[in-house]
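Here's the letter readout for the chains.
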Amino acid sequence: MKKSVALLTIILIIITAVCGCAGEPAEPKEWYEEVSYEDISLKEIYSDYFMLGTIYTKNITVGADRELVLKHFDTITPENLMKPENMQPTEGSFNYGEADEMIAFANENGLNVIGHTLAWHQQSGDWLGQNVGREEAIEQLRAHIYGVAAKYDGEIYSWDVVNEAIADGASMGNNKTWQDCLRETQWLTSIGPDYIALAFQFAHEAAPNAKLYYNDYNLNETSKAKIAHAMVSELRAAGVPIDGIGMQGHYDIKLKTATVEKSLELFSSIEGIEIAVTELDIGMTGGGLDSEAVFKFMQSEQARLYAELFQIYKAHSDKIVRVTFWGYRDDASWRKEYLPLLFTSELEPKTSFYAVAYPERWLEEEVN
Ligand code: XIL
């Protein structure tokens, strides 16, 4: 009797050990967790296709954030510190400290730096290009671009020279030209539509080693894509030194990824132009995230969209040189209420992380 009790106990101990703690069967791992997270590096997965990037703030230079960024990304784009209001807060006084620190961090760690941005309507202070005539505005544009871009020539891989120059809702119907579709910015008002060509010309003179980009959002919308296409083709044909188009990629859960592919095809048709995805994030918009069912649905939609996008990006990798996420941890995102990125606030990989790591298999096994 005693012997059989002892035997039973041993069997129970073995069963418990095999099935995991407390007698509960171990949770079967998902297929995408078969390789442990520690062994996955997104930049290695994509090394044959394009570089991967994220944003730079001082927070990425220490601790677990630093480790994560260095593990997964090849490039950094300063989230705010290189914007005009930070680089030249008052006329003639440039602020290089934070940018110098960022460049040193990049050099120490083998990262490429993307310059962002030289001519924009936001975060550009209250004087640059404002309340001045054309000649003075051109001189301010030149001085700003020389002051920033020349200082870092050879250190900056590419510049978003002009950012968001196309007006919301514009379209080229009714014989309108791309010039008619420009946003009413301080530069358009003070200089006129040729501020764009001038900005690229100055950037080329100041930083001959950097690739020069036009960067904008919603470039997957047909009418906006047509305007950007016309603008960049014409400028390039006229000899303006423009190398690439940056598709920002601030999307939400209603995205139709075929629209992104259509624009990639359109932009690819411009002779000699390269493409970068410069600010990718997919917001779980529409509300209801505190309901578990809604959250789960949104999360799987977000993962599906990331997987579809990366499959498309891979198919166009002959033109796409880089895909940059606008951050990595949801809680530090500029759209944090929509949890748009690949990692949680604890730096845990989300399902969207795995969808980016394994897009084809994700679409095969998780989407029906
Ligand atoms: C955002 C930053 O992420 C925020 O921290 C800041 O408050 C506003 O700007 N398009 C761009 C980026 O080109 O510079 C913007 O970044 C997001 C939209």
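Criteria and thresholds
- Residues numbered from 1 in each chain as written.
- Predicted model: local features only at pLDDT ≥ 70, side-chain atom pairs only at ≥ 80, totals over all residues.
- Heavy atoms only, no water.
- Phe/Tyr/Trp six-rings, centres within 6.5 Å; stacked < 30°, edge-to-face > 60°.
- Helix = DSSP H or I, 4+ residues; strand = E, 2+ residues; numbered from the N terminus.
- Lys NZ or Arg CZ within 6 Å of the ring centre and 35° of its normal.
- Near = heavy atom within 4 Å.
- Polar contact = N/O pair within 3.5 Å; in protein donor to acceptor, adjacent residues only side chain to side chain.
- Areas by Shrake-Rupley, 256 points an atom, 1.4 Å probe, with all protein chains shown as cover.
- Core = buried A, V, L, I, M, F, W, Y, C linked by side-chain atoms within 4.5 Å.
- Buried < 20%, exposed > 50% of the residue type's maximum accessible area, 1.4 Å probe, protein only.
- Contact = heavy atoms within 4.5 Å.
- Expected span 1.5 Å × (residues − 1).
- Arc of directions from axis to C-beta.
- Axes fitted to C-alpha atoms, helices over the stretch in contact; angles between N-to-C directions.
- Left-handed = near helix turned anticlockwise from the far one by under 90°.
- Nonpolar A, V, L, I, M, F, W, Y, C, P; charged D, E, K, R; others polar.
- Salt bridge = Lys/Arg side-chain N within 4 Å of Asp/Glu carboxyl O.

S.K.: In this structure, what is going on with the packing of aromatic side chains? I would like to understand it.
M.R.: Any pair of aromatic rings gets described here by the distance separating the centres and the angle formed by the planes. What the rule picks out here adds up to 21 aromatic pairs. Each ring, one from Tyr56 and one from Phe105, has its centre 6.1 Å from the other, and the planes form 50°; the classification is tilted. Placement of Tyr56 in strand S1 (residues 51–56) and of Phe105 in helix H5 (residues 97–109) is noted, with a sequence separation of 49 residues between them. An aromatic cluster is built from Trp31, Tyr32, Tyr37, Phe343, Phe353, Tyr354, Tyr358 and Trp362, whose rings are joined through pairwise contacts. The cationic tip of Lys71 hangs over the ring face of Tyr37; the distance from NZ or CZ to the ring centre is 4.2 Å. If you follow Arg142 out to its NZ or CZ, it ends over the ring of Tyr146, 4.7 Å from the centre.

S.K.: Can you help me understand the site of the ligand in this one?
M.R.: Neighbouring residues of the ligand: 13 residues in total, closest Glu79, Lys83, His116, Glu279 and Trp326. Between an oxygen atom of the ligand and a side-chain N or O atom of Glu79, the distance comes to 2.5 Å. Within the side chain of Gln123, a nitrogen or oxygen atom sits 3.3 Å from an oxygen atom of the ligand. When isolated, the ligand has an accessible area of 410 Å², and the protein chains bury 80% of it.

S.K.: I keep staring at the nonpolar core and nothing clicks. Help me out?
M.R.: The nonpolar side chains of a soluble globular protein tend to be buried, and buried together. If you look at the biggest cluster of nonpolar residues, it comprises 106 residues, and the most contacted ones within it are Trp159, Val162, Ile196, Leu280, Phe310 and Tyr313. With 8 residues, the single largest contributor to this core is helix H11 (residues 292–315). Here Tyr313 is in contact with Phe50, Tyr251, Val260, Leu264, Val277, Leu280, Ile320 and Val323, once residues within four sequence places are set aside.

S.K.: Got a minute to help me understand the environment of Glu308 in this structure?
M.R.: With respect to the helices and strands, Glu308 occurs in helix H11. Separated by 28 residues in sequence, Glu308 and Leu280 place their C-alpha atoms 13 Å apart. Beyond its immediate stretch of four places on either side in the chain, Glu308 contacts Thr257 and Leu363. At a separation of 2.8 Å, a polar atom in the side chain of Glu308 contacts the side chain of Arg304.

S.K.: Which parts of the structure should I look at to understand helix H10 (residues 257–268)?
M.R.: A turn of α-helix holds 3.6 residues, and therefore any two residues three or four places apart point the same way. The first and last C-alpha atoms of H10 sit 17 Å apart over 12 residues, in line with the 16 Å expected at 1.5 Å per residue. Within H10, burial applies to Thr257, Val260, Ser263, Leu264, Phe267 and Ser268. One side of H10 carries all its buried residues, which in axial view fall inside an arc of 135°. When the buried face of H10 is taken as reference, the exposed residues oriented beyond 90 degrees from it are Ala258 and Lys262. For H10, the secondary structure elements touched by its buried residues are helix H9 (222–237), strand S6 (244–247), strand S7 (250–252), strand S8 (274–283), H11 and strand S9 (320–325).

S.K.: What's the story with the environment of Glu155 in this structure? I'm lost.
M.R.: Among the secondary structure elements, Glu155 is positioned in the loop between helix H6 (134–150) and strand S4 (156–163). Placed 43 residues apart in sequence, Glu155 and Asn112 show a C-alpha to C-alpha distance of 8.0 Å. Here Glu155 is in contact with Ile103, Asn107 and Val113, once residues within four sequence places are set aside.

S.K.: What is the right way to look at the packing of H6 against helix H8 (residues 195–206) in this model?
M.R.: To characterise two packed helices, one gives the angle between the axes of the helices and the distance between these axes. It is at 9 Å that the axes of H6 and H8 come closest, and there the two elements cross at 35°. The two elements H6 and H8 meet at a crossing, and its hand is right-handed. Counting all contacts with H6, which are made through Ile138, Leu141, Arg142, Ile145, Tyr146, Ala149 and Ala150, the residues of H8 involved are Tyr195, Leu198, Ala199, Phe202, Ala203, Glu205 and Ala206. Of the residues belonging to the contact of H6 with H8, the class tally is 12 nonpolar, no polar and 2 charged.

S.K.: How do you make sense of H8 when you look at a structure like this?
M.R.: Helix length check: H8, at 12 residues, gives a terminal C-alpha distance of 16 Å against a target of 16 Å (1.5 Å per residue), a fit within 8%. For H8, the complete set of buried residues consists of Tyr195, Ile196, Ala199, Phe200, Phe202, Ala203 and Ala206. What you see down the axis of H8 is that its buried residues fit within an arc of 165°, all on one side.

S.K.: I would appreciate a short explanation of the pattern of salt bridges in the present structure.
M.R.: When charged atoms on two side chains of opposite charge get close, those side chains can pair. On inspection of all chains with the given rule, the structure shows 16 salt bridges. Where Asp194 meets Arg134, a salt bridge forms, and the shortest distance between an N and an O atom there is 2.9 Å. Highlighted residues: Asp194 in the loop between helix H7 (186–190) and H8 and Arg134 in helix H6, separated in sequence by 60 residues. Look at Arg134 and you get partly exposed, because its relative accessible area is 35%. Its salt-bridge partner being Lys224, residue Asp216 comes within 3.2 Å of it at the nearest N-O pair. Owing to a relative accessible area of 0%, Asp216 belongs among the buried residues under this scheme. On the basis of relative accessibility, which here comes to 5%, the residue Lys224 falls in the buried class. A single salt-bridge network, built from bridges that share partners, covers Asp65, Arg329 and Asp331.

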